[in-house]
Amino acid sequence: MLGTMATKQEVIVALKRWIDLLETNAELADEFRGYNKTFLITLPDMKLSVQMVFEGTNKAHLVEGTVANPDMSLTVDSKLFLDICRGEVDPMEAFMTGRLKPKGNMADLQKLEVFMDLFEG
Amino acid sequence: MQPIGYDRKRAADILQKSGIDVLVASSDVNVFYTTGLPTLHVSENPILWVLRKQYPYLALIRNDGELSLFYWMVFASLGRFSWVKDATGILSPEQAVRGVCEKLREWEIGAGKTIGLESFMPKYQSEQLIREFSGASFVDGDPMFLKMRLVKSAEEIRRIKRSTEVSETAIESMIASAHEGTTDTELLRTARRTIIDEGAEGWDHLTIGIGASDPEAPGSGAAMKRGELARLDVGAVWQGYVSDVSREVALISAPEGAEEVMDRMVAVQDFCADHIRPGVAPRDVHEGAMDFHRGLKKAVKPIITCHSMGLECEEMHMFSRMSSADIPFEENMLVDIEVWQNFRDLGLLGIEDVYHITSSGCKRITRLDREIFLKRG
């Protein structure tokens, strides 16, 4: 079983991979141009909250801690989150079976799904 | 009088194959479908729908297709609307359910028989039926109604085609009226007026968004600006039947990249239409369409949905990201194919059109151009 710090590190690494992908994949970056939204990820089993802030360009950054009124939020078990990030679990299927509890506009959340898809490839 | 879409033989086949002895319709759409009684919330006078708590409408469908109807007895024009000969007027909820119980006994529905109920049946109705027919089995009747309704008659197709024309005219009117400063409230008013002027009873939905405003909740006062998109998504109601058409309009020019998105959404819509045929599994079309899009652009995951059209806009999802129906496409189904992607932070950008599945393929009923409409004046 992974320790808390190691798992936290895995989560941060997974999210940083999203940021790297946004910076290096021109096609993806184009889709996020003008997209200024904050995505809050809460992992209750790790007592960890991380914000991914999209800057409207090919840049996004992480802020540890919670925020009031994020544009989108996701409360998820850390293992499931990593499985989704690795492309091992379909996020839509996880949502439909009640294992994933997102809040926010469905279109926004759906836009983030592409990160998991690109990792699959 | 001939039924609009109800087919006695088809209903009998469906009930006999499923082992149901009698099916009870209690919702506005299913009572309208089986009996013609104008119970819909969009009718010339929706009084039966408005008063349904005081004077519920119920229809019984026996497994040989025979019908019996219970309705508000003040409604004196039954003969103008309904083909049901065995109709009983009621003046209270208790009287309606008592009448249904008496009819079921007359039809010898009792111990060992199977009764199908709608999942939306009011609790007092289902509880009394279960109490009075404790020896019978009760099953979910929803799938039987859907099976009856999915394949359309010539008259139903005519109504959906006309509804589609009215929706298109409403979209064209909104485009014609659009200029800098036009609000979503004004667009709504234009759409409503056009639908009524065209002779339709009303609308099923008016999903209208300007810029980043929520199209599901128009009327916010959002105003059109140059270079911004407006989504015009309309479903008129023609003699009970609905359509679902969506287009985008921009003033002067579309935002950079929007036309590429629209072209791609249209290409995916064409892929779906080219692959939908009688006998084809919906899941296969959806998976093929997702693969097809992946070949066009990897950095986006579109929302591709095909839903049956009829008395309800999303009668049944044939396929979507959430689920696929486990029945194949059939001739004379009418479906809506819609393809969307999230564009910038402006919400969904895409297209939806109504299609008729024929023996030779899937034919588009909607006639509007499939592009972003540009309003230059």
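Residues numbered from 1 in each chain as written. Chains lettered and ligands numbered in written order. Predicted model: local features only at pLDDT ≥ 70, side-chain atom pairs only at ≥ 80, totals over all residues. Heavy atoms only, no water.

So what exactly am I meant to see when it comes to the overall build of chain A here?
Across its full length, chain A carries five helices and five strands. Its helices and strands taken in sequence order, chain A reads α-α-β-β-β-β-α-α-β-α from the N to the C terminus. Its C-alpha radius of gyration of 13 Å places chain A within 12% of the 14 Å reference for a compact globule of 121 residues. For chain A, the spread of C-alpha atoms along the principal axes amounts to about 40 × 30 × 25 Å. Relative to its 121 residues, chain A shows a buried fraction of 49%. Within the structure as shown, chain A displays about 6100 Å² of accessible surface, and the carbon and sulfur contribution to it stands at 54%. A gap of 6 Å separates the mean positions of the 13 positive and 19 negative side-chain charges of chain A. (Helix = DSSP H or I, 4+ residues; strand = E, 2+ residues; numbered from the N terminus. Rg over C-alpha atoms; globule rule 2.2 N^0.38 Å. Buried < 20%, exposed > 50% of the residue type's maximum accessible area, 1.4 Å probe, protein only. Areas by Shrake-Rupley, 256 points an atom, 1.4 Å probe, with all protein chains shown as cover. Lys, Arg positive; Asp, Glu negative; His and termini not counted. Charge placed at Lys NZ, Arg CZ, Asp CG, Glu CD.)

Whenever I open this one, the pattern of salt bridges confuses me. Can you help?
Two side chains with opposite charge may pair up if their charged atoms get near one another. Residues and elements named next belong to chain B. Throughout the structure, instances matching the rule amount to 31 salt bridges over all chains. In this structure, lysine 152 engages glutamate 315 in a salt bridge whose closest nitrogen and oxygen atoms are separated by 2.6 Å. Of the two residues, lysine 152 is situated in the loop between helix H7 (142-150) and helix H8 (154-177) and glutamate 315 in the loop between strand E11 (303-308) and strand E12 (316-319); the sequence distance between them amounts to 163 residues. A residue is classified by how much of its surface remains accessible, and glutamate 315, at 8% relative accessible area, is buried. (Salt bridge = Lys/Arg side-chain N within 4 Å of Asp/Glu carboxyl O.)

Explain the sheet that holds strand E2 (residues 58-62) of chain B to me, please; I cannot follow it from the model alone.
Remark on secondary structure: sheet strands pair via backbone hydrogen bonds, oriented parallel or antiparallel. Residue and element names in this part refer to chain B. Taken in spatial order, the six strands make up an open sheet running E4-E3-E2-E1-E5-E6, and their pairing is mixed. Edge positions in the open sheet fall to strand E4 (87-90) and strand E6 (137-140), since each of these has one partner strand only. With direction set aside, neighbouring strand axes in the sheet form an average angle of 20 degrees. Looking at chain direction, E2 and strand E3 (residues 67-72) are connected through four bridges and run antiparallel. Opposite alanine 59, over in E3, you have leucine 69 as the bridge partner. Across the face of the sheet, helix H2 (residues 28-35) comes into contact with strand E1 (22-25), E2 and E3 while running at roughly 55 degrees to E2. Against the sheet, H7 contacts E1, E2, strand E5 (114-117) and E6, and its axis sits at roughly 85 degrees relative to E1. (Pairing = 2+ DSSP bridges. Axes fitted to C-alpha atoms, helices over the stretch in contact; angles between N-to-C directions. Contact = heavy atoms within 4.5 Å.)

Looking at this model, I keep getting lost on the confidence of the model for chain A. Mind explaining?
Where the model shows low pLDDT, its predicted coordinates should not be examined in detail. Confidence in the prediction for chain A averages 84 pLDDT; 90% of positions are at 70 or higher. Confidence drops under pLDDT 50 across residues 1-6 of chain A; counting only partners more than four residues distant or on other chains, this segment forms three contacts. (pLDDT = per-residue confidence, 0-100.)

What exactly am I supposed to notice about the sheet that holds strand E2 (residues 48-54) of chain A here?
All names here are of chain A. Strand order in the open sheet made by the five strands is E3-E2-E1-E4-E5, with mixed pairing throughout. Bordering the open sheet on either side are strand E3 (60-64) and strand E5 (101-104), each of which pairs with just one other strand. Geometrically, the sheet is characterised by an average inter-axis angle of 15 degrees between neighbouring strands, direction not taken into account.

Quick question: what am I supposed to make of empty space enclosed by the protein here?
Where empty space is left in the structure can be found by rolling a water-sized probe over the atoms. For the structure shown, the criterion picks out one cavity of 30 Å³ or more. If you go around the largest cavity, the residues you meet are A:Glu31, A:Gln110, A:Lys111, A:Val114, B:Ala299, B:Val300, B:Lys301, B:Gln341 and B:Asn342. Contributions of two or more residues to the lining of the largest cavity are made by helix H5 (106-120) of chain A together with strand E13 (334-342) of chain B. Top contributing element to the lining of the largest cavity by residue count: H5(A), with three residues. Within the lining of the largest cavity, the residues separate by chemical class into three nonpolar, three polar and three charged. (1 Å grid on protein atoms, 1.4 Å probe; cavity = no way out; pocket = protein on both sides within 12 Å on 5 of 7 lines; lining within 4 Å. Points joined across faces, edges and corners; volume = space filled by probe spheres on them. Nonpolar A, V, L, I, M, F, W, Y, C, P; charged D, E, K, R; others polar.)

Sorry, what's going on with the interface of chain B and chain A here?
Often the size quoted for an interface is simply the accessible area lost on bringing the parts together. At the junction of the two partners, chain B supplies 18 residues and chain A supplies 22 residues. Roughly 1900 Å² is buried in total at the junction of chain B and chain A, and carbon and sulfur atoms are behind 46% of that figure. The tally of links between chain B and chain A comes to three salt bridges. Taking the shortest distance from any N to any O, the salt bridge between B:Arg321 and A:Asp90 comes out at 3.4 Å. Scanning the region where chain B abuts chain A turns up six residue pairs in polar contact (both at pLDDT 80 or more). (Buried area = accessible area lost by both parts, 1.4 Å probe. Polar contact = N/O pair within 3.5 Å; in protein donor to acceptor, adjacent residues only side chain to side chain.)

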